[in-house]
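# Commentary on secondary and tertiary structure
Single-letter residue listing:
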Amino acid sequence: ARDTLWKDMEEADLTVKVEPHNQRVPRSQRGGEVIEPLVSSQWFVKTKGMGEKALNAVKDGDITIVPSRFEKVWYNWLEDIHDWCVSRQLWWGHRIPVYYIGESGESEYVVARNEAEAREKAAELGHPSDVILRQEEDVLDTWFSSGLWPFATVGWPQDEHADQESDLARFYPSTCLETGYDIIFFWVARMAMMGLELTGKSPFSVVYLHGLVRAADGTKMSKTKGNVIDPLDTVDEFGADSLRYSLVTGVTPGQDIPLNMEKVEANRNFANKLWNICKFVTGNALKDINKEDFDKLGVTGPMGKEEFDSLDLPERYIVSKCHGLVHSVTEEIEKYQLGSAGGKIYEFLWDQFADWYVEISKTRLYEGAGGTDKEKAQAARRVLVYILDTSMRLLHPYMPYVTEHLWHHLPRSSTNQGDDAAAHALMLADWPLMDNEEKLVMDPVAEETFASFQALTRAIRNARAEYNVDPGKRISAVVVVNASNTHLRQVIQDEINSLILLARLDPEDIVVVDSNSDKVEAYRDGKIESVKVVSQDGVEAYLPLSGLIDPVKERARLEKRDEKLAKEIQKLGGRLNSKGFTDKAPEDVVAKARGELAELKDQAA
């Protein structure tokens, strides 16, 4: 039309000149056509009454918004609400329930649920029963249709007056709505408005607002920028659980989530770690035991105090930490701190269970590592299964696929209580805490004592690393504990096989003594050259240098390092002695150079 009109104007000699210039031309996203503004009748919904109800629902505490800072956004929208234009010129959607009467255009109409009801209303206005009715062709705004979702999907309005067995009575209102903060008004407020208006009840009691998934650098994902991450490709490469865990644990409520592929890969490695732990437990720890002992390992509920007290220190430690984890994770989830809860499970499984207890359990299970007591071996198996089973239950909401698969490889007793008796899936099993909070035994003293054992192990490991001791080489050690702390000395002595395994010590040359022992004097006086490591007040270890290093190689290494430091000191010192540098360079640059020189001299010394 534009081209034709311009041509007519040129032929009528009405044009002066043609000049190209840039302007904004709105075009359809789908078809690319120029969008023409068109004045037309639009249908509106009066919102003042509904808006006040939704506003008061949050103010009165009927609806809780997590995080609470978004209450301000809720109030801003609903306190300044305007009537809602719901007309949309689309073919797909709920057709607006307005029926125009007769052939008079749009001057007379009724609003009805269906054509039969519309005819009844038209008859009440004096029109004949066969009057022509024409339904409005516009459809309702998508957010209007979405706003009906909480109750329309469970039987409203048909079940509005049905008994308590109807889906509407059972499932409405719901508990928690989880969605993005960017549609708090467009969808969440509309659901609250319409739910309160049409059912008299808030559709949910909690609104949990997550952040938006963004590119790794924090920018919004955009096809134009080319930084969109396809979740299906990510799942193919790293697995669904890795992506799910990364999204859920990578954020606090209401905060955007920069999706870093390195993090997804790290969580894939975490899933692999779980797989390997389970493989060790089922393929090694439980290998070759008889069916009766195997069945006894099934988890039927929280470990009781009597069994807990019968365990050795490492077992009491890991069970106590696990029970603490159950309490903490349950509390965090109930507060909707989902990311924090998931992170704690990760830390426990990797840093406590895998790195410490799984390794220590080998001293109970394998004769080569000191395991000769059958009762201790069975106790270790029980604890391995108990911790793994409990952890799988906690982790299941975050990593449903891998935990479900692994859980089916663990022993399950036929005498399981409660829902577990019929549970053929982890997702149907009891949460570890449930109503048994008082049964979760914890032992702060065991945790503190084992922490001392861990500190000693780390101190010896750090010394090995500092002196570049070959990872496979076993070294000698004299562990000295303050004479007044007989309990800790006995604990270390009882767990000597665990210390040997974890710190790579020589089982033929390791002793644990008190601070008054004659064996310590030679080390204190320097008669036996050694490295002294202190793990905590009252606990130390002497590591003979003869076992740590090769003196010839170590001297060569130190001399080479000394020569390199001397060259660096000479070069930097000459630079600082130059007036051209110290007078012209900025003060902070000169100060930094002097600091580096002092550090180099310290290393040389």
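Since the model is a prediction, treat every value here as computed from it, not as a measurement.

## So, the packing of helix α15 (residues 338-365) against helix α20 (residues 496-503)
Close contact between α15 and α20 brings their axes to 9 Å; oriented N to C, the two are set at 120 degrees. Between α15 and α20, the interaxial angle falls into the category oblique. Every pair of crossing elements has a handedness; the one defined by α15 and α20 is right-handed. Contacts between α15 and α20 involve D355, W356, E359, I360, K362, T363 and R364 on the former and, on the latter, N497, S498, L501 and L502.

## Some points on the sheet that holds strand β10 (residues 206-210)
Read from one edge to the other, the open sheet built from three strands follows the order β2-β10-β9, with strand pairing classed as parallel. Of all the strands in the sheet, the pair left with one neighbour each is β2 (64-66) and β9 (176-180). When the angles between neighbouring strand axes are averaged without regard to direction, this sheet yields 20 degrees. When β9 meets β10, the two strands line up parallel, connected through five bridges. Directly across from E178, in β10, lies its bridge partner Y208. Along the sheet, helix α8 (residues 184-199) contacts β2, β9 and β10; its crossing angle with β9, the most-contacted strand, is approximately 165 degrees.

## With respect to the domain arrangement of the protein chain
One widely used convention gives an interface's size as the accessible area the parts lose upon coming together. Domain boundaries assigned for the protein chain yield domain 1 (44-205), domain 2 (243-442), domain 3 (469-549) and domain 4 (552-604). For domain 1 and domain 3, the distance between their C-alpha centroids amounts to 75 Å.

## What about the pattern of salt bridges?
Tallied over the entire structure, the rule returns 25 salt bridges. Put simply, K53 and E197 hold a salt bridge, and the shortest N to O gap is 3.0 Å. With a gap of 144 residues between them, K53 in helix α2 (residues 48-59) and E197 in helix α8 connect regions that are remote in the sequence. Relative accessible area serves as the criterion here: at 38%, K53 is assigned to the partly exposed category. Linking R119 and E115 is a salt bridge whose minimum nitrogen-to-oxygen distance equals 3.2 Å.

## Brief notes about the packing of aromatic side chains
Tallying each qualifying case throughout the model produces 23 aromatic pairs. Ring geometry for W149 against W187: centres 6.3 Å apart, planes inclined by 55 degrees, an arrangement best described as tilted. Taken together, the residues span a long stretch of sequence, with W149 in helix α6 (residues 149-152) and W187 in helix α8 at a distance of 38 residues. The interplanar angle of 70 degrees and the centroid separation of 6.0 Å between the aromatic rings of F185 and F186 together place this pair among those described as edge-to-face. F185 sits in the buried class, given a relative accessible area of 9%. Exposure remark for F186: the relative accessible area of 34% places this residue in the partly exposed category. An aromatic cluster is defined as three or more aromatic residues linked by ring pairs; in this entry it consists of Y245, F270, Y346, W350 and Y398.

## With respect to the nonpolar core
Within the largest apolar cluster, 87 residues are counted, with the highest numbers of intra-cluster contacts made by F353, I460 and L499. There are two domains that each give this core at least three residues, and those are domain 2 (243-442) and domain 3 (469-549). Apart from the residues lying within four places of it in its own chain, the contact partners of I460 are I475, L499, A503, L505, V533, A541 and L543. Judged by nonpolar contacts, the second largest core, of 43 residues, contains A57, V98, F151 and L168.

## Re a negative patch on the surface
On the surface, D230, D233, D236 and E237 cluster together into a patch of negative charge. Within the secondary structure layout, D236 lies in helix α9 (residues 231-238). Given the relative accessible area of 67%, D236 is considered exposed.

## What about the UniProt feature "domain: Valyl-tRNA synthetase tRNA-binding arm" (unreviewed entry) in the protein chain?
According to UniProt, the "domain: Valyl-tRNA synthetase tRNA-binding arm" (unreviewed entry) feature falls on residues 553-604. Secondary structure within residues 553-604 divides into 94% helix and 0% strand; the distance between the first and last C-alpha atoms comes to 18 Å.

## Considerations on the pairing of strand β5 (residues 98-101)
Residues V98 and Y100 line one face of β5 and the alternating positions Y99 and I101 line the opposite face, and both faces are buried. For β5 and strand β7 (residues 133-135), the ladder comprises three bridges, and the chain directions are antiparallel. Bridge pairing links Y100 to R134 in β7.

## Comments concerning the sheet that holds strand β13 (residues 475-481)
Strand order in the open sheet formed by four strands is β14-β13-β16-β15, with mixed pairing between adjacent strands. Of all strands in the sheet, those with a lone pairing partner are β14 (505-514) and β15 (530-536), marking the two edges. Going from strand to strand, the sheet's axes swing by 20 degrees on average, the running direction of each strand aside. Here six bridges tie β13 to β14, and the two strands are oriented parallel to one another. The partner of V480 across the bridge, within β14, is V513. Packing of helix α18 (residues 444-466) onto the sheet brings it into contact with β13, β14, β15 and β16 (539-544), and relative to β15 it is tilted by some 150 degrees. Along the sheet, helix α19 (residues 486-494) contacts β13, β14, β15 and β16; its crossing angle with β14, the most-contacted strand, is approximately 165 degrees.

Reading the values: the criteria
Residues numbered from 1 in each chain as written. Predicted model: local features only at pLDDT ≥ 70, side-chain atom pairs only at ≥ 80, totals over all residues. Heavy atoms only, no water. Axes fitted to C-alpha atoms, helices over the stretch in contact; angles between N-to-C directions. Helix = DSSP H or I, 4+ residues; strand = E, 2+ residues; numbered from the N terminus. Parallel < 35°, antiparallel > 145°, perpendicular 65-115°, else oblique. Left-handed = near helix turned anticlockwise from the far one by under 90°. Contact = heavy atoms within 4.5 Å. Pairing = 2+ DSSP bridges. Domains from an automatic or database assignment. Salt bridge = Lys/Arg side-chain N within 4 Å of Asp/Glu carboxyl O. Buried < 20%, exposed > 50% of the residue type's maximum accessible area, 1.4 Å probe, protein only. Phe/Tyr/Trp six-rings, centres within 6.5 Å; stacked < 30°, edge-to-face > 60°. Core = buried A, V, L, I, M, F, W, Y, C linked by side-chain atoms within 4.5 Å. Patch = residues over 30% accessible without salt bridge, like charges linked within 9 Å, V, L, I, M, F, W, Y side chains within 5 Å. Areas by Shrake-Rupley, 256 points an atom, 1.4 Å probe, with all protein chains shown as cover. Lys, Arg positive; Asp, Glu negative; His and termini not counted. Charge placed at Lys NZ, Arg CZ, Asp CG, Glu CD. UniProt positions renumbered as here; feature names shortened; annotations may be inferred.

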